Amino acid sequence: QVQLVESGGGLVQPGGSLRLSCEASGIICSLYVMGWYRQAPGKQRELVAQITSGRNTFYADSVKGRFTISRDNAKNTVYLQMNGLKPEDTAVYYCRADQPATLSGYWGQGTQVTVSS
């Protein structure tokens, strides 16, 4: 059974930082394309950042230079370091694992990030 468990969300002031974690079980993260998505109220879910098995990374333009995705193979965990947070970053953040070879994909349950003064 595959599980992706996110943690690290919360309330932070503008300009602050948070680090989200996505701990995986049932899969090996390093064999998947791991991504962070977010969904704000009334908006579609959007891709924020991805990291491939070869550690190539992709970032949405809106977070470039502020967010960093990384992976710890020993802990089977993917992180999203978020700096310089803005109110428009407020959303539920979801972890996702994709295996292009088998077209399989899995979602975590999400963690709320709220940026407000």
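Every value quoted in this text rests on a predicted model; they were computed, and no experiment measured them.

Draft legend 1. Seen up close, the state of the cysteines. For the coordinates displayed, the defined rule picks out 1 disulfide. Here Cys22 engages in a disulfide with Cys95; their sulfurs sit 2.1 Å apart. Torsion about the S-S bond of the Cys22 and Cys95 cystine: about -75°, corresponding to left-handed handedness. Linking Cys22 in strand 3 (residues 18-25) with Cys95 in strand 9 (residues 91-99), this pair joins segments that are 73 residues apart in sequence. Per residue, the accessibility class of Cys22 equals that of Cys95, and both read buried.

Draft legend 2. Here's a closer look at the nonpolar core. Within the largest apolar cluster, 29 residues are counted, with the highest numbers of intra-cluster contacts made by Met34, Trp36, Leu80, Met82 and Tyr93. Of all the secondary-structure elements, those providing two or more residues to this core are strand 3, strand 4 (33-39), strand 5 (46-51), strand 7 (67-72), strand 8 (77-82), strand 9 and strand 11 (111-115). Leave out the neighbours within four places in its chain, and Met34 touches Leu4, Cys22, Cys29, Ala49, Gln50, Ile51, Ile69, Val78, Cys95, Arg96 and Ala97.

Draft legend 3. Looking closely at the pairing of strand 1 (residues 3-7). On strand 1, burial follows the alternation: Leu4 and Glu6 on one face are buried, whereas Gln3, Val5 and Ser7 on the facing-out side are not. Relative to strand 3, strand 1 runs antiparallel, the two sharing 5 bridges. Residue pairing for strand 3: Ser7 is matched across the bridge by Ser21.

Draft legend 4. Structural view of the environment of Glu6. As for its position among the elements, Glu6 is in strand 1. For Glu6, a relative accessible area of 5% corresponds to the buried category. With residues near it in sequence (within four places) discarded, Glu6 still touches Ser21, Cys22, Trp36, Tyr93, Tyr94, Cys95, Gly108, Gln109, Gly110 and Thr111. Looking at Glu6, its side chain comes within polar contact range of the main-chain nitrogen of Cys95, at 2.7 Å. Within the structure, the side chain of Glu6 is placed 2.9 Å from the backbone nitrogen of Gly110, a separation counted as a polar contact.

Draft legend 5. Molecular detail of the sheet that holds strand 3. Spatial strand order, 1-3-8-7: 4 strands in an open sheet with antiparallel pairing. A strand with exactly one partner marks an edge of an open sheet, and here the two such strands are strand 1 and strand 7. The average undirected angle you get between the axes of adjacent strands in this sheet is 15°.

Draft legend 6. Region of interest: the pattern of salt bridges. By the definition in use, this model includes 5 salt bridges. Between Glu46 and Arg38 there is a salt bridge, with the nearest N and O atoms lying 2.7 Å from each other. Glu46 gets classed as partly exposed once you look at its relative accessible area, which sits at 35%. Its relative accessible area of 6% is what places Arg38 among the buried residues. Of the charged contacts, one joins Arg66 and Asp89 as a salt bridge, the two residues approaching to 2.8 Å between their closest N and O atoms. Here Arg66, found in the loop between strand 6 (57-59) and strand 7, pairs with Asp89, found in the loop between strand 8 and strand 9; they are 23 residues apart in sequence, far enough to count as distant. It is possible to trace a salt-bridge network through shared partners that takes in Arg38, Glu46, Arg66 and Asp89.

What counts and what doesn't
- Residues numbered from 1 in each chain as written.
- Predicted model: local features only at pLDDT ≥ 70, side-chain atom pairs only at ≥ 80, totals over all residues.
- Heavy atoms only, no water.
- Disulfide = S-S within 2.5 Å.
- Helix = DSSP H or I, 4+ residues; strand = E, 2+ residues; numbered from the N terminus.
- Buried < 20%, exposed > 50% of the residue type's maximum accessible area, 1.4 Å probe, protein only.
- Core = buried A, V, L, I, M, F, W, Y, C linked by side-chain atoms within 4.5 Å.
- Contact = heavy atoms within 4.5 Å.
- Pairing = 2+ DSSP bridges.
- Polar contact = N/O pair within 3.5 Å; in protein donor to acceptor, adjacent residues only side chain to side chain.
- Axes fitted to C-alpha atoms, helices over the stretch in contact; angles between N-to-C directions.
- Salt bridge = Lys/Arg side-chain N within 4 Å of Asp/Glu carboxyl O.

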